[in-house]
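# Structural overview for review
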Amino acid sequence: MTVYVEYVLIDNLVIDYLLLKATFSLTAIKVGKGRLLFCAFFGAMVALLYPLLESYALLLALLKVLSGFFIILIAHPFRSVRSYFINVAVFFSYT
C-alpha cells in the first residue's frame with residue numbers, strides 16, 4: 001500500500017488543529033490560530049516520523065505521550081500546573 005507524505009501531513013495537520021481547538025474551547029482558553037497551527041504542524045511531523053520507528057514499540061508509545069504533553073505545553077503558557085494537566089487530560093481524552 002502506498003502512503004503519500006502530503007496526505008499524512010495534511011490529514012494530521014487538520015486533525016491536530018481540530019483537537020487543539022476543541023480542547024481549548026472546552027477549557028475556555030483563548031489561543032491564537034498561529035500558535036494552534038504551529039502545534040498542529042509539530043504533531044503532523046511526529047506522525048510523519050512515527051512509521052519510521054515501527055520496530056521500537058516502547059519508544060513509539062513514549063513518543064506519542066510526550067508529544068501530546070509537549071503540544072499542549074507550547075500551545076499556551078499556563079499559569080498553574082493544574083490548568084496544564086486539565087488541558088492535557090482533555091486533549092488525550094479527545095484523542
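Just so we're clear, the structure is a prediction, and the values are computed from it rather than from any experiment. (Residues numbered from 1 in each chain as written. Predicted model: local features only at pLDDT ≥ 70, side-chain atom pairs only at ≥ 80, totals over all residues. Heavy atoms only, no water.)

## A few points about the packing of aromatic side chains
Taken as a whole and judged by the stated rule, the model has eight aromatic pairs. Measuring from ring centre to ring centre gives 6.2 Å for F69 and F85, while their planes differ by 75°; the resulting arrangement is edge-to-face. You can see F69 sitting in helix 3 (residues 57-75) and its partner F85 sitting in helix 4 (residues 81-94), a full 16 residues away along the chain. F69 gets classed as partly exposed once you look at its relative accessible area, which sits at 25%. Where Y84 meets F85, the ring centres are 5.2 Å apart and the plane angle is 65°; that geometry is what we call edge-to-face. Taking relative accessible area as the criterion, Y84 reaches 12% and is therefore assigned buried. Among the aromatic residues, ring-to-ring pairing joins F24, F69, F78, Y84, F85, F91 and F92 into one connected group. (Phe/Tyr/Trp six-rings, centres within 6.5 Å; stacked < 30°, edge-to-face > 60°. Helix = DSSP H or I, 4+ residues; strand = E, 2+ residues; numbered from the N terminus. Buried < 20%, exposed > 50% of the residue type's maximum accessible area, 1.4 Å probe, protein only.)

## Some remarks on unusual backbone geometry
Its identity is not glycine, yet A28 carries a phi of approximately 60°, on the positive side. Its place among the elements puts A28 in the loop between helix 1 (5-26) and helix 2 (33-49).

## Observations concerning the layout of surface pockets
Volume-wise, the largest pocket comes out at about 360 Å³. The wall of the largest pocket is formed by 15 residues, among which D16, G43, K64, S67 and T95 lie closest to the centre. Contributions of two or more residues to the lining of the largest pocket are made by helix 1, helix 2, helix 3 and helix 4. Tallied by class, the residues present in the lining of the largest pocket amount to eight nonpolar, five polar and two charged. (1 Å grid on protein atoms, 1.4 Å probe; cavity = no way out; pocket = protein on both sides within 12 Å on 5 of 7 lines; lining within 4 Å. Points joined across faces, edges and corners; volume = space filled by probe spheres on them. Nonpolar A, V, L, I, M, F, W, Y, C, P; charged D, E, K, R; others polar.)

## Some points on the packing of helix 1 against helix 3
In the contact formed by helix 1 and helix 3, the axes pass within 12 Å of each other and the chain directions differ by 60°. In this view, helix 1 runs oblique relative to helix 3, as classed from their interaxial angle. For the element pair helix 1 and helix 3, the recorded crossing hand is right-handed. Of the residues in helix 3, those in contact with L20, T23 and F24 of helix 1 are I71, I72 and A75. (Axes fitted to C-alpha atoms, helices over the stretch in contact; angles between N-to-C directions. Parallel < 35°, antiparallel > 145°, perpendicular 65-115°, else oblique. Left-handed = near helix turned anticlockwise from the far one by under 90°. Contact = heavy atoms within 4.5 Å.)

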